[in-house]
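Examining the three-dimensional arrangement
Listed below, chain by chain, are the residues.
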Amino acid sequence: MQNQDEIFMGRALALASRAWGRTHPNPMVGAVIVENGVIVAEGFHAQDGGPHAERVALAALGRAPRPGAVLYVTLEPCSTHGRTGACCDAIVEAGLKHVVIGASDPNPAHAGRGFERLRAQGISVITGVAEVACRDLNLIFNHWIVDKRPLLAGKIAMTLDGKIACRTGESKWITGEAARADGQRWRKLFPAIAVGAGTVLADNPSLTRRLAGEAEECGRRFVFDTTLRTAAMEAAEWPKVYTDRWRESTIVVTTQGASAGIRSRLEAAGVQVWSHEASRGKVAWDGFAQRCAEESITGVYLEGGAQLLSNILAARALDYLLCYQAPLLFADSEASEAFTGLVPGCPGEGIRMTELHRAEFGDDALVRGRLVYPKP
């Protein structure tokens with residue numbers, strides 16, 4: 001059974017989630033102010049550059065907190081002055097004497113400093129309430145702020161025996177509607193989505209965000225195409241990611257040896273092209289991640305296909321994996337495999353998932369977590 005602190009922190013988490021995918025490169029944060037066991041004010045960080053959750057909640061209260069009031073906030077209040085001022089200062093100025101915090105600031109340069117500043121002002125600080133959920137909410141931000149590079153996350157939907165399509169190539173649909181809707185939710189969280197050339201040619205996907213009750217949106221769209229074969233035909237036959245109203249959000253990632261003529265045609269149509277050095281005929285992932293960092297793209301959601309995901313796994317460059325699994329068996333050695341190309345000699349040489357989170361969507365299951373690669 002949840003205690004009172006967990007219940008109020010749960011509400012703060014729900015508030016933070018309202019800004020799902022809209023705060024990059026900042027974290028999502030929620031806050032509630034409680035007096036005599038009742039929530040009297042709420043707030044969340046709505047977008048980059050906007051006021052922080054603590055300040056929104058205090059503004060919503062519109063008066064000084066009553067004696068004994070408690071502030072619940074999902075992330076350690078900032079202790080440094082940015083565009084909106086340090087939230088620790090706002091808490092002190094408001095006269096709050098009790099603060100409950102979910103997760104600490106992941107930035108090693110700031111972690112714990114907010115706690116120290118508040119306690120130095122005589123404020124009671126409780127930490128670690130619903131910590132796992134509070135930290136998980138900002139998995140992209142946490143990776144970005146610590147590693148200074150984008151979180152590269154793969155998504156796969158497969159059968160119990162690890163297949164993603166029948167031998168005919170038919171894959172619609174392995175998972176059910178609820179699981180597919182959750183995949184769209186993750187698309188909204190990530191600033192960018194990526195697929196390989198084979199997926200573009202086979203499925204002609206729009207790679208947009210389509211959530212029930214919300215207008216269709218489009219973030220950055222990456223197409224990995226080492227030879228620019230997805231644009232080798234006449235422009236009238238190009239895939240929709242090169243011709244729709246969001247085409248300027250599309251970036252084709254290719255190698256320096258790709259056709260200069262096709263590249264020029266794409267750029268003339270408004271499509272961006274990134275050229276990187278090739279590694280064994282494939283785009284070098286380190287160069288791609290560095291370019292994303294330079295463009296302030298904090299996370300990329302790689303939806304496949306299998307060749308793209310297998311390639312990034314072989315390069316040890318995939319940070320995170322979301323694996324949807326349906327209660328379905330193909331039992332066909334010729335059906336398309338989810339992942340290929342590695343040759344572990346024993347289970348200990350496999351890639352392991354850690355920091356696991358599990359969820360069910362109808363009959364389908366999602367397991368997601370961070371990847372840990374075996375020592376070379």
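Worth saying up front: this structure is predicted, and the values here are computed from it rather than measured.

Attention shifts here to the nonpolar core. Membership of the largest hydrophobic core comes to 70 residues, with the highest contact counts inside it found for Ile33, Tyr72, Val99, Trp186, Phe190, Tyr242 and Leu266. A total of six residues in this core trace back to one element, the largest contributor, which is helix H1 (residues 4–16). Leaving out residues up to four positions away in the same chain, valine 99 has contacts with Leu71, Val73, Ile91, Leu118, Ile123, Ser124, Val125 and Ile126. In terms of nonpolar packing, the next biggest core, distinct from the first, is built from 29 residues, Ile156, Ala192, Leu308 and Tyr373 among them.

Here the focus is the sheet that holds strand S1 (residues 30–35). Taken in spatial order, the five strands line up as S2-S1-S3-S4-S5 in an open sheet, and their pairing is mixed. Every interior strand has two partners, whereas the edge strands, strand S2 (38–44) and strand S5 (124–126), have only one. The sheet shows a mean angle of 20 degrees between the axes of neighbouring strands, taken without regard to direction. Here strand S3 (residues 70–75) runs beside strand S4 (residues 98–103); their pairing, made up of five bridges, is parallel. The partner of leucine 71 across the bridge, within S4, is valine 99. With respect to the sheet, helix H2 (residues 53–61) is in contact with S1, S2 and S3, its orientation differing from that of S2 by roughly 130 degrees.

Let us now look at the packing of helix H3 (residues 87–94) against helix H4 (residues 113–120). Put simply, H3 and H4 touch, their axes get as near as 10 Å, and they point 20 degrees apart. The pairing of H3 with H4 is recorded here as roughly parallel in orientation. As for the relative orientation of H3 and H4, their crossing is right-handed in sense. Along its contact with H3, which presents Cys88, Asp89, Ile91 and Val92, the element H4 presents Gly114, Arg117 and Leu118. Along the lines of polarity and charge, the residues of the contact of H3 with H4 split into four nonpolar, one polar and two charged.

Here the focus is the side chain of aspartate 364. Tracing the backbone shows aspartate 364 in strand S18 (residues 364–372). We note that aspartate 364 is buried and unpaired, the nearest opposite charge coming from arginine 180 at a distance of 6.7 Å. If we skip the residues at most four places from it in the chain, aspartate 364 touches Thr175, Gly176, Ala179, Gln325, Ala326, Pro327 and Ala359.

This part is about empty space enclosed by the protein. Tallied over the entire structure, the rule returns two cavities of 30 Å³ or more. By volume, the largest cavity amounts to about 60 Å³. Every residue lining the largest cavity is listed: Gly21, Thr23, His24, Asn26, Pro27, Met28, Leu137, Asn138, Leu139, Ile140, Phe141 and Leu189. Across the lining of the largest cavity, the residue classes tally to seven nonpolar, five polar and no charged. The calculated volume of the second largest cavity comes to roughly 40 Å³. Lining the second largest cavity are Arg187, Phe190, Ala192, Ile193, Leu207, Thr208, Arg209, Gly219 and Arg220.

Parameters and conventions
- Residues numbered from 1 in each chain as written.
- Predicted model: local features only at pLDDT ≥ 70, side-chain atom pairs only at ≥ 80, totals over all residues.
- Heavy atoms only, no water.
- Core = buried A, V, L, I, M, F, W, Y, C linked by side-chain atoms within 4.5 Å.
- Buried < 20%, exposed > 50% of the residue type's maximum accessible area, 1.4 Å probe, protein only.
- Helix = DSSP H or I, 4+ residues; strand = E, 2+ residues; numbered from the N terminus.
- Contact = heavy atoms within 4.5 Å.
- Pairing = 2+ DSSP bridges.
- Axes fitted to C-alpha atoms, helices over the stretch in contact; angles between N-to-C directions.
- Parallel < 35°, antiparallel > 145°, perpendicular 65-115°, else oblique.
- Left-handed = near helix turned anticlockwise from the far one by under 90°.
- Nonpolar A, V, L, I, M, F, W, Y, C, P; charged D, E, K, R; others polar.
- Lys, Arg positive; Asp, Glu negative; His and termini not counted.
- Salt bridge = Lys/Arg side-chain N within 4 Å of Asp/Glu carboxyl O.
- 1 Å grid on protein atoms, 1.4 Å probe; cavity = no way out; pocket = protein on both sides within 12 Å on 5 of 7 lines; lining within 4 Å.
- Points joined across faces, edges and corners; volume = space filled by probe spheres on them.

Any functional reading would require information beyond the geometric quantities listed.
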